[in-house]
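Chain by chain, the residues run as shown.
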Amino acid sequence: MKITEEIIQAELSRCLAKARKAFLEAHWAHPFSKLTVEMLATKYGEASRDGTIKISSAFLNTPALAQLTNTLLHEMAHLIVGLEQGHNMQFRHALGMLLESESLPSEALKQSIKNNTPYKYRLLAYTSAGEVLDLGGAYRRTKRYLQYKGNHSFKGARIMKYEYIAFSCSVPENLIRDESLSK
Ligand SMILES: [Zn+2]
């Protein structure tokens, strides 16, 4: 099999689904925006702050699918932790989780994420129904929640406020975790 533009797009979709499952996209440092395939002199791929992933056109007409997958996941890990992190520990941890998910069954993956997550914060949401929602771990605090406009709701109840707490903190007792929250 030879790599085509179609195959690159299909592989992008597959890898994106994986990355979005492992890391809630609202918390990505640079949310994905688009993919381009172009001549890159010395690299397989490149990620930018505007969420663009560039893939080298040198992949076209080669059978190097595994390398393409690794490159896509590598660039997604840059978008997740932030380009300013370079290839530091945080980057390698995120990439490790994406690469690991290539072979592990999903239950084992979930467990490994749970056991192994160096998140700094946890995002909570307080609803007008008096509920507290756990929106999961975050590497950084984002404006979207710090400067919340009051326009979100959950199952008919308005979200009154968001709060970041330290990830290592114990969580409130009446906490709700809902699979649909991470969509
Ligand atoms: Zn890199």
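This text follows the structure it describes.
Sequence order as written defines residue numbering, which begins from 1 separately in each chain. Local features in this predicted model are restricted to residues whose pLDDT is 70 or higher, and side-chain atom pairs enter the listing and the counts only when it is 80 or higher, whereas totals over whole chains, interfaces and linings include all residues. To get the side-chain values, take all heavy atoms of the structure and skip hydrogens and water.

Chemist: Got a sec to walk through the environment of Thr-127? Specific residues and values, please.
Modeler: Helix and strand assignments follow DSSP, with helices taken as H or I runs no shorter than four residues and strands as E runs no shorter than two, numbered in order from the N terminus. Tracing the sequence through the fold places Thr-127 in strand β4 (residues 121–127). C-alpha separation for the pair Thr-127 and Tyr-162, spaced 35 residues apart in sequence, amounts to 9.2 Å. What makes two residues a contact is simply this: any of their non-hydrogen atoms within 4.5 Å. For Thr-127, the residues in contact, after removing those within four places along its chain, are Leu-133, Ala-157, Arg-158, Ile-159 and Met-160.

Chemist: I'd love a proper account of the nonpolar core, names of residues and values included.
Modeler: One finds Phe-23, Leu-72, Met-76 and Leu-98 to be the most contacted residues of the largest nonpolar core, which totals 30 residues. Of all the secondary-structure elements, those providing two or more residues to this core are α1 (5–22), β3 (52–56), α2 (65–81) and α3 (89–100). Of the residues forming this core, the biggest block, eight residues, is contributed by α2. If sequence neighbours within four positions are ignored, Leu-72 has contacts with Ile-8, Glu-11, Leu-12, Cys-15, Leu-35, Ile-53 and Ile-55. Joining through side-chain atoms within 4.5 Å is the link that ties buried Ala, Val, Leu, Ile, Met, Phe, Trp, Tyr and Cys residues into a set, and such a set is a nonpolar core. Categorising residues by exposure relies on relative accessible area from a 1.4 Å probe, with only protein chains included: less than 20% of the type maximum marks a residue as buried, more than 50% marks it as exposed, and the intermediate range marks it as partly exposed. Grouped together as the second largest cluster of nonpolar side chains are 12 residues, Leu-133, Leu-135, Ala-138 and Tyr-148 included.

Chemist: Let's hear about the coordination of the zinc ion: which residues, and what values?
Modeler: Distances from the zinc ion to its protein donors, His-74 (NE2), His-78 (NE2) and His-87 (NE2), fall at 2.1 Å. Here the coordinating atoms are restricted to nitrogen, oxygen and sulfur within 2.8 Å of the metal centre, or 3.2 Å for Na, K and Ca, and because water is not among them the sites may look incomplete. All donors of the zinc ion belong to a single chain; written as a sequence motif, their spacing is H-x3-H-x8-H. Of this pair, His-74 and His-78 both sit in helix α2, four residues apart, which is roughly one turn of that helix. Taking the relative accessible area as the measure of exposure, His-74 reaches 23% and is therefore partly exposed.

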